[in-house]
Amino acid sequence: MSVPFLDLAAATAELRPALDAAMARVLSSGWFILGREVQAFEDEFAIFVEADHCVGVGNGLDAIELALRALGVGPGDEVIVPSNTYIATWLAVTRVGAHVVPVEPDIDTYNIDPSRVERAVTDRTRAIIAVHLYGQAADIEPLQRVASARSLWLVEDAAQAHGATYRGKHVGSLADAAAWSFYPSKNLGALGDGGAVTTNDSAVADKVRVLRNYGSREKYVNAIIGVNSRLDELQAAALRAKLPVLAEWNNRRRRVAERYLAALADLPIVLPAKGAGTDHVWHLFVIRCADRDRLQQHLAANGIETLLHYPVPPHMQEAYRHLAITEGALPVAEAIHRECLSLPMGPHLRDDQVGLVIDAVRSFDFAPMSKSKA
Ligand SMILES: *Cc1c(COP(=O)(O)O)cnc(C)c1O
């Protein structure tokens, strides 16, 4: 008996008739790039996140990059990013030629700490990227206050938070622009790569629309240096089949999370905490344990698959060695990366599997010192 981290085959199986119909529709249309399905998905997703505009792009990394470019962020600019995030957030900043300025998170919510953001602003800062990490909205209101006081753009990296809300409003409509990924394992996942930018600013939407298609508004007329980064018709059709169940699938994730939270509360581990005014969609259920590696081995020996999000923080990756950020310089991020462990989570995790995970965690011999010190 084993429990997979995430069962994507079960997700596809549940929606198989709708996905088959979606694929068939595209195959019969004979139209594969920038057609009716993309247009319809953009309309439907904009309505879902309560944003005025949605522009489909090739993937989440491109979505962040094109949002930054559309806002005019470029060489010489500084962009504030969370010190603990998936590296794509940083890569997008680097790809537009700007400098990443990492800011530490709040240790309870794992999201960027607005008071530290304020202290990191310089006269070269152009933008702040707030990542809604693990499925929980970042604390947007204080970030908005800093952004408007200092005339900075605020960009959401919503790649892990499809359906999440902040003070009753959907993420993806809270800032100047928001970037989405539809990588298959995300809460709303395609059958391959996909991404989108949502915004309430029609000029930003228009700019992303031109940038994603070679910088061309009209075929063979190229106004700016664009890229080729388009959501394709098959992916858009698949996403249209999956969007109607997103809310229900997020509710299933919430039920799994509630069981974990109740059943593991007395153990010497740190459970995820809810931020004020946020409604978690549990992209990941991340615990912290000082004895993380032994706990992970114990779970593996009991057939429980776990992952680390993430094993190495961006500033300690080879790719960012040139920033010369020394080990110990970002202690909160480093502690999270050292101690984090993601338990199986997803809309197709069965009740009996949740029980197996709980039993396996509870049967671990926690050393007296295993309570996290961070
Ligand atoms: C997945 C992810 C991305 C990148 O999305 P891709 O579609 O894989 O390029 C960016 N930021 C965060 C926080 C992510 O989780």
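Our structure is the block above this text.
Residues numbered from 1 in each chain as written. Predicted model: local features only at pLDDT ≥ 70, side-chain atom pairs only at ≥ 80, totals over all residues. Heavy atoms only, no water.

1. Side note on the packing of helix α3 (residues 36-49) against helix α9 (residues 233-242)
Note the cut-off: An axis is simply a line fitted to the C-alpha atoms; with a helix, the fit covers only the stretch in contact. Between two such axes, the angle follows the N-to-C directions and lies from 0 to 180 degrees. For helices the rule is a DSSP run of H or I covering at least 4 residues; for strands it is a run of E covering at least 2, with both sets numbered from the N terminus onward. For this classification, under 35 degrees means roughly parallel, over 145 means roughly antiparallel, 65 to 115 means roughly perpendicular, and everything else is oblique. Crossing handedness follows the turn of the near helix against the far one: under a right angle anticlockwise gives a left-handed crossing, and clockwise gives a right-handed one. In this analysis, two residues are considered to be in contact whenever any of their non-hydrogen atoms come within 4.5 Å of each other. Polarity classes work like this: nonpolar for Ala, Val, Leu, Ile, Met, Phe, Trp, Tyr, Cys and Pro, charged for Asp, Glu, Lys and Arg, and polar for all others, with Gly in that last group.
Two elements in contact, α3 and α9, have axes whose closest approach is 8 Å; the angle formed by their N-to-C orientations is 40°. It follows that α3 is oblique to α9 by the angle criterion. Remark: the crossing between α3 and α9 carries left-handed chirality. Note on element contacts: α9 touches α3 through E233, A236, A237, L239 and R240, opposite R36, E37, V38, A40, F41 and E44. For the contact of α3 with α9, the class distribution of residues is 6 nonpolar, no polar and 5 charged.

2. Quick word on the pattern of salt bridges
Which entries qualify depends on this criterion: Salt bridge, as applied in this entry: a Lys or Arg side-chain nitrogen positioned within 4 Å of an Asp or Glu carboxyl oxygen. Per-residue accessibility, obtained with a 1.4 Å probe over protein chains only, is compared with the maximum for each type, and a residue is labelled buried under 20%, exposed over 50%, and partly exposed between these values.
For the structure shown, the criterion picks out 22 salt bridges. The closest approach of N and O atoms between R16 and D20, which form a salt bridge, is 3.0 Å. Here the residue R16 and the residue D20 both occupy positions in helix α2 (residues 16-29), the gap between them amounting to 4 residues, near one helical turn. Overall, D20 belongs to the partly exposed group, its relative accessible area being 40%. Between R255 and E248 there is a salt bridge, with its nearest N and O atoms 3.9 Å apart. Owing to a relative accessible area of 36%, E248 belongs among the partly exposed residues under this scheme. Taken together, the shared-partner salt bridges in this structure form one network comprising E14, E248, R252 and R255.

3. Things to note about the sheet that holds strand β4 (residues 125-131)
Quick note on the threshold: In this analysis, strands are considered paired if DSSP registers two or more bridges between them.
Judged by pairing direction, the sheet is mixed, and its 7 strands sit side by side in the order β1-β9-β8-β5-β4-β2-β3 without closing on themselves. The open sheet has two free edges, formed respectively by β1 (53-57) and β3 (99-103), since each of these has just one partner strand. Averaged over all pairs of adjacent strands, the angle between strand axes in this sheet comes to 25°, irrespective of strand direction. Where β1 and strand β9 (residues 195-199) come together, 5 bridges link them in antiparallel fashion. Each residue of the ladder has a partner; that of V55, found in β9, is V197. The strands that helix α8 (residues 202-211) touches are β1, β8 (177-181) and β9; relative to β1, the one it contacts most, it runs at about 15°.

4. Concerning the sheet that holds strand β12 (residues 278-279)
Taken together, 3 strands build an open sheet; the order of strands is β7-β6-β12 and the sheet is antiparallel. The two strands at the open ends of the sheet, each matched to only one other strand, are β7 (169-170) and β12. Both strand β6 (residues 165-166) and β12 contribute to a ladder of 2 bridges, which runs antiparallel. Along β12, the bridge assignment pairs T165 with D279.

5. What about unusual backbone geometry?
Cis geometry is found at the peptide bond from H309 to Y310, where omega equals 15°. Position of Y310 among the secondary structure elements: in the loop between α11 (292-301) and α12 (331-339). Located in the positive-phi region is Y110, a residue other than glycine, with phi close to 70°. Following the sequence through the fold, Y110 ends up in the loop between β3 and α6 (114-120). Relative accessible area serves as the criterion here: at 3%, Y110 is assigned to the buried category.

6. Remarks on the site of the ligand
Selection criterion: Think of it this way: one heavy atom of a residue within 4 Å of a molecule or strand is enough to make that residue near it. In the analysis that follows, any N or O atom pair within 3.5 Å is treated as a polar contact, provided that within protein one partner can donate a hydrogen and the other can accept it, and provided that, for residues neighboring in sequence, both atoms belong to side chains. Only the protein chains shown count as cover for residues, and all accessible areas are computed by the Shrake-Rupley method using a 1.4 Å probe.
If you check the shell around the ligand, you find 13 residues, and the closest are G60, D157, Q160, S181 and K186. The contact in question runs from an oxygen atom of the ligand to an N or O atom on the backbone of G60, over 2.7 Å. Here a nitrogen atom of the ligand sits 2.8 Å away from a polar atom, N or O, in the side chain of D157. For the ligand, whose unbound accessible area comes to 380 Å², protein coverage reaches 91%.

7. Examining the environment of W153
Looking at the element boundaries, W153 is found in strand β5 (residues 153-157). The exposure class assigned to W153 is partly exposed, which follows from its relative accessible area of 29%. For W153 and I80, which are 73 residues apart along the polypeptide, the C-alpha to C-alpha distance reads 10 Å. Not counting the four nearest positions on each side in its chain, W153 is found in contact with L71, V73, R126, A127, I128 and D176.

By themselves these figures say nothing about function.
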